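Here's the letter readout for the chains.
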Amino acid sequence: MDKRNADSPPRPSKMFSRSKLFRTKSLDQCLSDSELPEYQLKRVLGPFQLILFGIGAIIGAGIFATIGTAAAGDAYRPGAGPALMLSFVITAVVCSFTALCYAEFTSIVPISGSAYTYSYATLGEIIAWIIGWDLIIEYAVGNIAVAISWANYFKTFLKGFNIHVPDWLSMDYRTAAKIVDADGVKIVFRDAPHIFGVPIIFNILAVGIVAFITLILVWGIRESARFNAIMVGIKIIVLTFFIIIGFFWVQPSNWTPFAPNGWAGISAGAAIVFFAYIGFDAVSTVAEETRNPKRDLPIGIIGSLLICTIFYIVVSAVFTGLISYPDLKLKLATEQAEPLTMALQHAAPNLGWAVGIVAFGSVIAHTAVLLIFQMGQPRIFFSMSRDGLLPKTFSQVHKRFRTPYKATILTGVFVAVFAAVASIDEMVDLTNIGTLFAFILVCSGIIVLRKREPDRPRPFKVPSGWTWSAILFAAVGVVVIFIVPATFPVKIIILALTAAFFATFRNILFPLLGVLSCLYLIFYLPPTSWLRFAAWLNVGFLIYVAYGAIHSRMMSTDMKKHSPEHLAYTARLGVVLLLVGNAMLFLTRGFDLFQMAYKKMTDLSGWSRFAAAMTQTFQAGKWTEMSWFLVIPLVLNTLVLCPLIVRRAARAGGFSKKDKETRAAGNTAIIVAILSLIYLAIVIF
């Protein structure tokens, strides 16, 4: 007999807590939710429009802006040189694995929300929240960078018509602070109007284009599709124009040496040009506005990726043929310019009219990417709000246009505000690692779904089995035998291990290779981007514990909202995410310090270099240096998340002797808060 008082809080078991933490939303429930009248969107898109959406999202800032850095390299990464063509192939292979997984998911779950919805159905609510929060990096934060880049190119384009936009109306404070004259006077600060002695500097061009795109999207999906179709057509014409004109000025001698920095340069180039492929997954966000999503979405995703890959390889071949690797490296080190137009000017200085056409295409390309990403983000918010993880405002549909208008407007405001004042540098690295992390979870979701629901009908299925394993093994064999620099016995060992791996995992080979290849590209990203990503996730953990875990529709089916049982669960969940978040912050900060120390020790090599870098990493002085991406999330966890956990544990009666788990959660939060305050005091003061 249970001797507890009837009013005393229940004592959930550990198994109960874990099952709630990773509870999933059934695929059938995902589909039924989308059919509710108040959430229905207008279904008007077909396969051709979806392919155009994919091309519109993919071809943009990546091919027009990052191709130069990928070929020439920068201070932190070697360049691929003419082997940039191989870099595009590698990244295309990585994205194709993920694209196939997206295609299978979209055929099974034709619901708005992209990777968020897929993760909810396979990996659990907490993983779904993480990926939904992560997708904000790809869409909204990425669009901030695209809007800033668009403003720069549009400003340059207007100069061709003798229209000059003042610098103080077209950049941010940090960029303006770097522009000085011979006497060290900050020119933009000097020329800008002042209010109470403070210079007024903001990027009105970026704000303007975001506002325009937001109005188009609120108007309706059909109108957005027409606008996108026009821009995609212009982009393809301009890239084709670049290929045709550039072909006549290509010098084959510029392709020698083909790979000046070897495999390291090719791999680094692949990680950089990954930006050029971000966007094909945006097709899945309009699933609920597609007439036949189970058939058309896979066509849209795979078709757009294939078309863009062909364009990229040809463009990179022409680009590297127009300008040699040494000249490209020298030019990018001394000036800021669009790589494609710069290459044309270098090869044929008299082709000013052609340069202008390519510059116009760059503006259109950026506009198309802004349109697709501004369309994708509100629909992810829409799905998360429908599940109760975000306020209902984000899932309200306009009665006339049948678009998620409030989510669209709020997304536009968010992007416009930060695009007005932010620097593009911090946004780029965050977008890259966030997108790769999303791809990893999508591929993992397919693996889980194959085990959990093997008999569910799949209109499209990721290739698997002996035949495809043999085809991939043959491709790997060619690479190992003819390209990999190793002795014959080593090559035999590599092929034997590869054969065993492919045979063992033949039924999940493509999604597994998707996970591994994404991790491969993440390895070549700057370590600072890892810390920024950890900081972003910590903010997401805080919002989930404060709102999502309380209002989740899945949660409401299991327990009464704000009941002692509910509060106890969210307190325990909060402390788990607190510990995970803090661990991520310090681990990524440690990796950042290690990488910086390792790069400086050029006089050492091998184990000696590694050991010396590790020794320097663990020096106390390094950890007391200010790092805002460590300090800010740590402050939020200490001053907001910890008190929230303690308060819920107390309201649930968790500090009584009867509920040891909740009491432990509250006490852990107190200890973490005290230790964090001590550390923050040392760093700040």
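First, a word on what this report is: a plain description of the structure on this page. Since the model is a prediction, treat every value here as computed from it, not as a measurement.

Points about the overall build of the protein
Then, number 1: In terms of regular secondary structure, the protein is built from 28 helices and two strands.
Then, number 2: The C-alpha radius of gyration computed for the protein amounts to 26 Å, which stays within 12% of the reference 26 Å derived for 685 residues, consistent with globular compactness.
Then, number 3: Looking at the 685 residues of the protein, the share that counts as buried comes to 56%.
Then, number 4: Long-range pairs, those at least 24 residues apart, make up 81% of the contacts in the protein with a sequence separation of at least 6.
Then, number 5: Entry remark: accessible area of the protein is about 28,800 Å², with carbon and sulfur atoms responsible for 69%.
Then, number 6: Charge centroids of the protein, computed over 57 positive and 37 negative side chains, lie 6 Å from each other.

Thoughts on unusual backbone geometry
Then, number 1: Thr256 connects to Pro257 through a cis peptide bond whose omega is 0 degrees.
Then, number 2: Inspection of the secondary structure puts Pro257 in the loop between α11 (221-247) and α12 (262-273).
Then, number 3: Phi at Phe196 is positive, roughly 55 degrees, even though this residue is not glycine.
Then, number 4: Here Phe196 shows up in the loop between β1 (194-195) and β2 (198-199).

Description of the layout of surface pockets
Using a probe with the size of a water molecule, rolled over the atoms, empty space left in the structure can be pinpointed.
Then, number 1: Approximately 1,200 Å³ is the volume found for the second largest pocket.
Then, number 2: What lines the second largest pocket is a set of 27 residues, and nearest its centre among them are Val93, Trp263, Ala475, Val476 and Val479.
Then, number 3: Those elements giving two or more residues to the lining of the second largest pocket turn out to be α5 (84-108), α19 (466-482), α20 (488-504) and α21 (509-523).
Then, number 4: If you tally residues by element for the lining of the second largest pocket, the top one is α5, at eight residues.
Then, number 5: In terms of residue class, the lining of the second largest pocket is made up of 24 nonpolar, three polar and no charged.

Considering the nonpolar core
Then, number 1: Residues Phe88, Tyr116, Phe242, Phe280 and Leu340 are the most contacted members of the largest nonpolar core, which totals 181 residues.
Then, number 2: Ranked by residues supplied to this core, first place goes to helix α7 (residues 125-159) with 22 residues.
Then, number 3: Residues in contact with Tyr116, not counting those within four places in the same chain, are Ala128, Trp129, Ile131, Gly132, Leu135, Ile380, Ser383, Met384, Asp387 and Leu389.

As for the packing of helix α24 (residues 564-600) against helix α25 (residues 606-617)
Then, number 1: One way to put it is that α24 packs onto α25 with a least axis distance of 8 Å and a crossing angle of 130 degrees. Regarding the angle of α24 to α25, the classification is oblique. Like other packed secondary-structure pairs, α24 and α25 cross with a definite hand, here right-handed. Counting all contacts with α24, which are made through Gly590, Leu593, Phe594, Ala597, Tyr598 and Lys599, the residues of α25 involved are Arg609, Phe610, Ala613, Met614, Gln616 and Thr617.
Then, number 2: Here the contact of α24 with α25 is built from residues that sort into seven nonpolar, three polar and two charged.

Reading the values: the criteria
- Residues numbered from 1 in each chain as written.
- Predicted model: local features only at pLDDT ≥ 70, side-chain atom pairs only at ≥ 80, totals over all residues.
- Heavy atoms only, no water.
- Helix = DSSP H or I, 4+ residues; strand = E, 2+ residues; numbered from the N terminus.
- Rg over C-alpha atoms; globule rule 2.2 N^0.38 Å.
- Buried < 20%, exposed > 50% of the residue type's maximum accessible area, 1.4 Å probe, protein only.
- Contact = heavy atoms within 4.5 Å.
- Areas by Shrake-Rupley, 256 points an atom, 1.4 Å probe, with all protein chains shown as cover.
- Lys, Arg positive; Asp, Glu negative; His and termini not counted.
- Charge placed at Lys NZ, Arg CZ, Asp CG, Glu CD.
- 1 Å grid on protein atoms, 1.4 Å probe; cavity = no way out; pocket = protein on both sides within 12 Å on 5 of 7 lines; lining within 4 Å.
- Points joined across faces, edges and corners; volume = space filled by probe spheres on them.
- Nonpolar A, V, L, I, M, F, W, Y, C, P; charged D, E, K, R; others polar.
- Core = buried A, V, L, I, M, F, W, Y, C linked by side-chain atoms within 4.5 Å.
- Axes fitted to C-alpha atoms, helices over the stretch in contact; angles between N-to-C directions.
- Parallel < 35°, antiparallel > 145°, perpendicular 65-115°, else oblique.
- Left-handed = near helix turned anticlockwise from the far one by under 90°.

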